[in-house]
Amino acid sequence: METGFKEEENVVEYNSNNVKKAKLLSTLTALLDDAILADVPKKPTLSDVDTLISLELGSAMRISILKLDETSFDVAMMNSATVKDLKLAIKNKVFELEQSKMGHRHISWRHVWSNFCLAHHNEKLLDDGAALQDFGVRNNSQVHFLPYVVSKGSRRHSKRRKHRFFHGLNKRL
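The notes below deal with the structure included here. (Residues numbered from 1 in each chain as written. Predicted model: local features only at pLDDT ≥ 70, side-chain atom pairs only at ≥ 80, totals over all residues. Heavy atoms only, no water.)

A word on the nonpolar core. If you look at the biggest cluster of nonpolar residues, it comprises 23 residues, and the most contacted ones within it are I63, I65, L86, I90 and L132. Secondary-structure elements contributing two or more residues to this core are β1 (60-66), β2 (72-78), α3 (83-102), α4 (109-115) and β5 (141-147). Of all the elements, α3 adds the most residues to this core, at five residues. Among residues more than four places away in sequence, those in contact with L132 are M61, I63, A81, T82, V83, L86, L125 and V137. (Core = buried A, V, L, I, M, F, W, Y, C linked by side-chain atoms within 4.5 Å. Buried < 20%, exposed > 50% of the residue type's maximum accessible area, 1.4 Å probe, protein only. Helix = DSSP H or I, 4+ residues; strand = E, 2+ residues; numbered from the N terminus. Contact = heavy atoms within 4.5 Å.)

Right, dumping it as structure tokens:
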């Protein structure tokens, strides 16, 4: 008789935990659908929430990223953020946008950063360790992509060169 009572108690406890989790998830979903919290990602991390709170308190900035196809999206960054932090935030935001639109798509970020650089008022953000504020990036600033290639010899950005694969074949004929 006692074992039947314990099993019944475990089932009730299990069901109450499931009910609590379901209520919590539905409440969280309702909160995230609110227009005020529209900038919170669907699966927020602690750092995302911390950055958004800092944004409201004025110790973070919202930066608009303009893509080459003239579309844009916003990322929130701390005021002390570096260019590398901005690149990571762009990568995370693009991944989130791709997941919501069409599922997983692989983007080679090594290819992106070797062929394009970020710029603010036509000043290239090339030093990953430099603070964004050193380039004049402030709250509500706009950063855009510029086509550029890193030259292999100097590891600096240079003008894009065309590949001349068949150039040497003409001399042999």
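This paragraph deals with the sheet that holds β2. As summarised here, the arrangement of the five strands in space is β2-β1-β5-β3-β4, forming an open sheet in which the pairing is mixed. In this open sheet, the two edge strands, each paired with only one partner strand, are β2 and β4 (123-124). As judged from the four bridges shared by strand β3 (residues 116-120) and β5, these two strands associate in the antiparallel manner. By the bridge assignment for β5, L118 is matched with F145. Most of the contacts of helix α2 (residues 46-57) go to β2, to which it runs at about 85°, and overall it touches β1 and β2. Sitting on the sheet, α3 touches β1, β2, β3 and β5, and the angle it makes with β2 is about 135°. (Pairing = 2+ DSSP bridges. Axes fitted to C-alpha atoms, helices over the stretch in contact; angles between N-to-C directions.)

The way to describe two aromatic rings as a pair is by their centre distance and the angle between their planes. Scanning all chains against the criterion turns up two aromatic pairs. Between W113 and F145, the aromatic rings sit 5.8 Å apart at their centres with planes inclined by 20°, giving stacked as the arrangement. Residue W113 is located in helix α4, and its partner F145 is located in strand β5; the two are separated by 32 residues in the primary sequence. The two residues W113 and F145 agree in class, both being buried. Among the aromatic residues, those joined into a ring-pair cluster are W109, W113 and F145. Geometry around W113 places K87 over its ring, the cationic atom sitting 4.9 Å from the centre. (Phe/Tyr/Trp six-rings, centres within 6.5 Å; stacked < 30°, edge-to-face > 60°. Lys NZ or Arg CZ within 6 Å of the ring centre and 35° of its normal.)

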